[in-house]
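Secondary and tertiary structure notes
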Amino acid sequence: MNSNRPITTIQVMAVIISTIIGIGILSIPRYMAEAGDSGAPLVTASGVPVAFLGCWFTAVVCRKFPNETLFVFSRRLLGTWLADIFSMLISLFFAFSAGITMRQFGEVCVAVVFKKTPIEVVILLMLLLVALSIRRNIVKFTYVHVFYLPFILLSAIAIILVAMRNVDVLNLLPLTGNHTTFSSFSKGTITSAGLYQGTFVIILLVPLMKKPQQILKAGTIALGIIGFIYVMIVWVTLGMFGAQETKLLSYPTLEAARSISIGAGLLERFDALFIIIWVISIFTTIFTNYYLAAYSLQQVLRHKDHRLISSFLLPLIFTFSLLPRNIFQVYSFASITAIIGLIFLTFYPLLLWLVSLIRNKGAISHE
């Protein structure tokens, strides 16, 4: 163990989980029901191994260079210009992803809570909050995620446990779904896998880990926990409403939270509790996307820190959030962004890993 490095393996797991659980939790049962009908839990689970590929490639290549971020060692592997082009693409991708996630957040808030508030105001307030928060170093970035993770996990587990009492097992049969085709199942798998692109955040954390050789272990356990939560949320939602009704709901998880209660009037508004925790989970997701966008652009520009860069990115992210003209375009943009992210964030680490093997660069850390 390197005592000079402040971040533990468990903290890395916390950052990954806190980053990934976010906007997708509201609508994932609908997407999975459209893809697999009553086999939606199976479709959801099938996305985890696909997402694991990107995590594995990122972890093994970062583990070969335990003292540097991906932005630094990629210059030695690919050359400065090519590496900087990829770093710029990473910055643009996460800035755009932050903008679209921000817009989804605004759409839900305006539809459910702030019905008379302009969506631009909702988006801008959250964006300013995140912009102020990312003016910290990577260690404090990690602490923010660790602090909020228990609230996110406990609320998700509480909803799952309480909702299980209302599950009708007949709604979940057959387990493989009715009339599910290979095409629809595959589409659902890609959609599910696209929710896990936040594992890329490990490129920031490895140089500060006490045991960088355990980065793959941290990523694997985190993906397992997130996958289990997503599968269970889809399972209870389908069990409560059935596949056909779930397909008609805009936010099935929120409807599931509205339908459950504890005791005789003890806790009847689970949806209010859920919305509060959901806002926290959205904050942590955008927090990571914004941080990655600012940090990668800082590396490209060779600036001393990312704080000034983050200020310049704010209007760009706000502009990205306003690009979709309506709610239908919002979800089209989100789906396309998720697929592009899944491909890009899988094949770029794969490229770096292959080049490191061919050129015999890097070494496994034995700290």
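Now for a description of the structure that goes with this document. In this text, all values refer to a predicted model and were calculated from it rather than measured experimentally.

With that settled, consider the overall build of the protein chain. When helices and strands are counted, the protein chain shows 15 helices and zero strands. Radius of gyration (C-alpha) of the protein chain: 20 Å, near the 21 Å computed for a compact globule of 367 residues. A principal-axis box enclosing the C-alpha atoms of the protein chain has dimensions of 60 × 45 × 40 Å. A total of 367 residues make up the protein chain; the buried ones form 58% of that total. Long-range contacts, defined here as pairs at least 24 residues apart, represent 85% of the contacts in the protein chain between residues at least 6 apart. Entry remark: accessible area of the protein chain is about 15,700 Å², with carbon and sulfur atoms responsible for 68%. One finds the centroid of the 26 positive side-chain charges in the protein chain at a distance of 13 Å from the centroid of its 13 negative side-chain charges.

This paragraph deals with the packing of aromatic side chains. This structure, assessed with the given rule, holds 21 aromatic pairs. Residues F94 and F200 carry aromatic rings whose centres are separated by 6.0 Å and whose planes lie at 25° to one another, so their mutual orientation is stacked. Pair noted here: F94 is in helix α5 (residues 80-112) and F200 is in the loop between α8 (182-193) and α9 (202-205), with a separation of 106 residues, a long-range link. One exposure class covers both F94 and F200, and it is buried. Look at F283 and F287: their rings are 5.6 Å apart centre to centre, the planes differ by 10°, and that puts the pair in the stacked class. Here F283 and its partner F287 are both found in helix α13 (residues 270-301), four residues apart, which amounts to about one turn of the helix. Summarising the burial analysis for this pair, F283 and F287 share the class buried. Chaining the aromatic ring pairs together yields one cluster made of F141, F147, Y148, F151, F283, F287 and Y291.

With that settled, consider unusual backbone geometry. Residue P174 follows L173 across a cis peptide bond; omega there is -5°. As for its placement among the helices and strands, P174 is situated in the loop between α7 (138-163) and α8. Even without being glycine, D37 reaches a positive phi, approximately 55°. With respect to the secondary-structure elements, D37 resides in the loop between α2 (24-36) and α3 (40-64). By relative accessible area, which is 8% here, D37 ends up buried. Even without glycine at this site, R302 takes up a positive phi of about 60°. Locating R302 in the fold gives a position in the loop between α13 and α14 (307-321).

Once that is clear, we can look at the environment of I152. Following the sequence through the fold, I152 ends up in helix α7. On the basis of relative accessibility, which here comes to 3%, the residue I152 falls in the buried class. Ignoring sequence-local partners within four residues, the contact set of I152 consists of S18, I21, I277, I280, S281 and T284.

We now examine the pattern of salt bridges. Under the definition given, this model contains eight salt bridges. The salt bridge involving E34 is made with R30; its shortest N-O contact spans 3.9 Å. Of this pair, E34 and R30 both sit in helix α2, four residues apart, roughly one helical turn. Residue class for E34 comes out partly exposed when judged on its relative accessible area of 45%. Residue classification places R30 among the buried residues on the basis of a relative accessible area of 14%.

What follows concerns the packing of helix α6 (residues 119-133) against α14. Running from amino to carboxyl end, α6 crosses α14 at an angle of 145°, the nearest separation of the two axes being 11 Å. Considering how the two elements wind past one another, α6 and α14 form a crossing that is right-handed. For the pair α6 and α14, the contacting residues are E120, I123, L124, L127, L128 and A131 in the first and L314, I317, F318 and S321 in the second.

Every α-helix winds through 3.6 residues per turn, so residues three or four apart in the chain are directed the same way. Between the first and last C-alpha of α14 there are 21 Å, a value that for 15 residues agrees with the 21 Å anticipated at 1.5 Å per step. At L313, α14 shows its maximal kink, close to 35°; a proline, P315, follows between one and four residues later. If you check which residues of α14 are buried, you get I309, S310, L313, L314, I317, F318, F320 and S321. On the buried face of α14, the contacting elements are α5, α6 and α13.

This next bit is on the side chain of T9. The residue T9 is located in helix α1 (residues 9-20) in this model. Under the relative-accessibility criterion, T9 is labelled buried at 13%. Separated by 2.8 Å, the side chains of T9 and Q214 make a polar contact. Not counting residues up to four positions away in its chain, the partners in contact with T9 are M209, K211, Q214 and A218.

If you trace the backbone, V162 turns up in helix α7. Given the relative accessible area of 11%, V162 is considered buried. C-alpha separation for the pair V162 and I16, spaced 146 residues apart in sequence, amounts to 26 Å.

Rules and cut-offs
Residues numbered from 1 in each chain as written. Predicted model: local features only at pLDDT ≥ 70, side-chain atom pairs only at ≥ 80, totals over all residues. Heavy atoms only, no water. Helix = DSSP H or I, 4+ residues; strand = E, 2+ residues; numbered from the N terminus. Rg over C-alpha atoms; globule rule 2.2 N^0.38 Å. Buried < 20%, exposed > 50% of the residue type's maximum accessible area, 1.4 Å probe, protein only. Contact = heavy atoms within 4.5 Å. Areas by Shrake-Rupley, 256 points an atom, 1.4 Å probe, with all protein chains shown as cover. Lys, Arg positive; Asp, Glu negative; His and termini not counted. Charge placed at Lys NZ, Arg CZ, Asp CG, Glu CD. Phe/Tyr/Trp six-rings, centres within 6.5 Å; stacked < 30°, edge-to-face > 60°. Salt bridge = Lys/Arg side-chain N within 4 Å of Asp/Glu carboxyl O. Axes fitted to C-alpha atoms, helices over the stretch in contact; angles between N-to-C directions. Left-handed = near helix turned anticlockwise from the far one by under 90°. Expected span 1.5 Å × (residues − 1). Bend = angle between axes of the 7 residues up to and from the residue. Polar contact = N/O pair within 3.5 Å; in protein donor to acceptor, adjacent residues only side chain to side chain.

So, to be careful, I would describe these as geometric facts and stop short of saying anything about function.
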